Amino acid sequence: MTALFMAVLLAIAAFVIDIGRAYVVRNELQNAADAAALAGAECLNPNSACGNATASGPDFTTAATKATAYIPENSAVNVALQTGQVTTGGWNPASPAGGVTAAPVTLSASQLPAVSVTISEAGKDNNGPLTLLFGQFVGKTTLPISATAVATGGYIAQGHGFPMVINECLYNKLSQLWDSTNNAPLNVPASQDGQTLSSINPTLWGTDQNFPQIKNLPYIIQINSSYNNTSSTGCNAGQWTEMIYDTSDNGGANLIKNYVSGTTATPPVSIGSSIFIDDGKKDSAFGTTDACSEYDGTGTCGYELFPIINQQPIPTGTNATVVGFACLEIFSAQQGNSVKSKNPYFGKGGTYTYPSGSYVAVQLVANSANKCPTGGVGLNPGYGTYGPVRLVQ
């Protein structure tokens, strides 16, 4: 009886001890894969810490290099890991089992830029498969183990984006209003009080930046409606977006107003996402924006992340690819061409008259990671932001 039950006891020992060890090792490999994937994802977008601050993301090469370099920083069974399989490219959240489509790849509307890391103890990788102590009693002496992680960056979570795109050419011009030494917006000097950006520098700003500046405050920039933009530069405009890939203007002004007011949460958006650029001026959405702006309204939409595209002029009634995000303070907004006055005007007395037109008036934001809802990495310069990296698999 003892001999008979000894075989059963050894089989149970094999299961309890060896399988328990296997779970511990797999958890260690999973932790290592998670850490390497997250480290690589931080470099998908321009990031001074990655040495690619001037890259036009997604930077798959640098991300792969960073993830690969991070693998030996971890260990399993108290032995430093040596190798792993790193893949960078596009990942489709609708079909996660498909894994990452390796770069070079043109991201589709349904894909996110991503880093995949697989770390194994199998074959000759990382000291080979796990040796089983009692498995020989059930005819198995080794067990290959692996773990995979997928991370993505440049992601703005649900409800944390503002439904208006701006063009990269406007985003680039904002650098003229930014103090890179102190990582803060420049303030308007007394000599420019009451002047407009179009009068201060018409070559840079064109003819439609007509918001009078206010001394000792950050410069105010108009994001004009793309439907009445007359700037000689052609890139001072923005346009409403449904923040999703679409084939028609299905949501209309009511959906946009709900996004602005927070009644409906904006969908999650990533760098590389394709989003629908709406038709029409949608003047009422500018009025809704003013009601929740920082100066004129409640401040509930005072600090927002604007998606950036790089198509000039801004296309309407079609989709465009997000290349980044800008953290901007919404100072106020103007609905249509009926001129609005504001009284009092920053303690100056008298009435302050807004320029006519349909636009959102914004300012650059110091410490944007603390102002905009997602925080983020890759703050270079400070008014640009990328959403925090996250594990998706």
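One can find the structure itself at the top, above this paragraph.
Below or above, wherever it landed, is the structure these notes cover. (Residues numbered from 1 in each chain as written. Predicted model: local features only at pLDDT ≥ 70, side-chain atom pairs only at ≥ 80, totals over all residues. Heavy atoms only, no water.)

1. Things to note about the side chain of Glu 121
Position of Glu 121 among the secondary structure elements: in strand S5 (residues 112–121). We classify Glu 121 as buried; its relative accessible area is 7%. (Helix = DSSP H or I, 4+ residues; strand = E, 2+ residues; numbered from the N terminus. Buried < 20%, exposed > 50% of the residue type's maximum accessible area, 1.4 Å probe, protein only.)

2. Notes on the state of the cysteines
Following the criterion strictly, the structure yields 2 disulfides and no others. Shown here is the disulfide that connects Cys 43 with Cys 50, its sulfur atoms set 2.0 Å apart. For the disulfide bridge between Cys 43 and Cys 50, the dihedral angle about the S-S bond is near -80°, and by the sign convention the bridge is left-handed. As far as burial versus exposure is concerned, Cys 43 and Cys 50 are alike and both buried. Here Cys 292 is linked by a disulfide to Cys 301, with a sulfur-sulfur distance of 2.0 Å. Between Cys 292 and Cys 301 the disulfide shows an S-S torsion of about 90°. By sign, it is right-handed. On the basis of relative accessibility, which here comes to 5%, the residue Cys 292 falls in the buried class. (Disulfide = S-S within 2.5 Å.)

3. Brief notes about the packing of helix H6 (residues 252–261) against helix H7 (residues 283–291)
Remark: H6 packs on H7, axes separated minimally by 9 Å, with the N-to-C direction vectors making an angle of 15°. On the basis of their axis angle, the class for H6 and H7 is roughly parallel. Both H6 and H7 take part in a crossing whose hand is right-handed. Of the residues in H7, those in contact with Ala 253, Ile 256, Lys 257, Val 260 and Ser 261 of H6 are Ser 284, Ala 285, Thr 288 and Thr 289. (Axes fitted to C-alpha atoms, helices over the stretch in contact; angles between N-to-C directions. Parallel < 35°, antiparallel > 145°, perpendicular 65-115°, else oblique. Left-handed = near helix turned anticlockwise from the far one by under 90°. Contact = heavy atoms within 4.5 Å.)

4. Section: the environment of Thr 289
Its location among the elements puts Thr 289 in helix H7. Judged by relative accessible area, which is 0%, Thr 289 ranks as buried. Apart from residues no more than four positions distant in its own chain, Thr 289 is found in contact with Phe 162, Trp 240, Val 260, Cys 301, Ile 330, Ala 333 and Val 360.

5. Things to note about the packing of aromatic side chains
In this description, an aromatic ring pair is defined by two values, namely the gap between the centres and the angle between the planes. Within this structure, the stated rule accounts for 7 aromatic pairs. Measuring from ring centre to ring centre gives 4.8 Å for Phe 162 and Phe 306, while their planes differ by 45°; the resulting arrangement is tilted. Of this pair, Phe 162 sits in the loop between strand S9 (155–156) and strand S10 (164–167) while Phe 306 sits in strand S17 (residues 303–309); the two residues are 144 residues apart in sequence, bridging distant segments of the chain. The class of Phe 306 is buried, set by a relative accessible area of 0%. (Phe/Tyr/Trp six-rings, centres within 6.5 Å; stacked < 30°, edge-to-face > 60°.)

Purely geometric numbers; function is a separate question.
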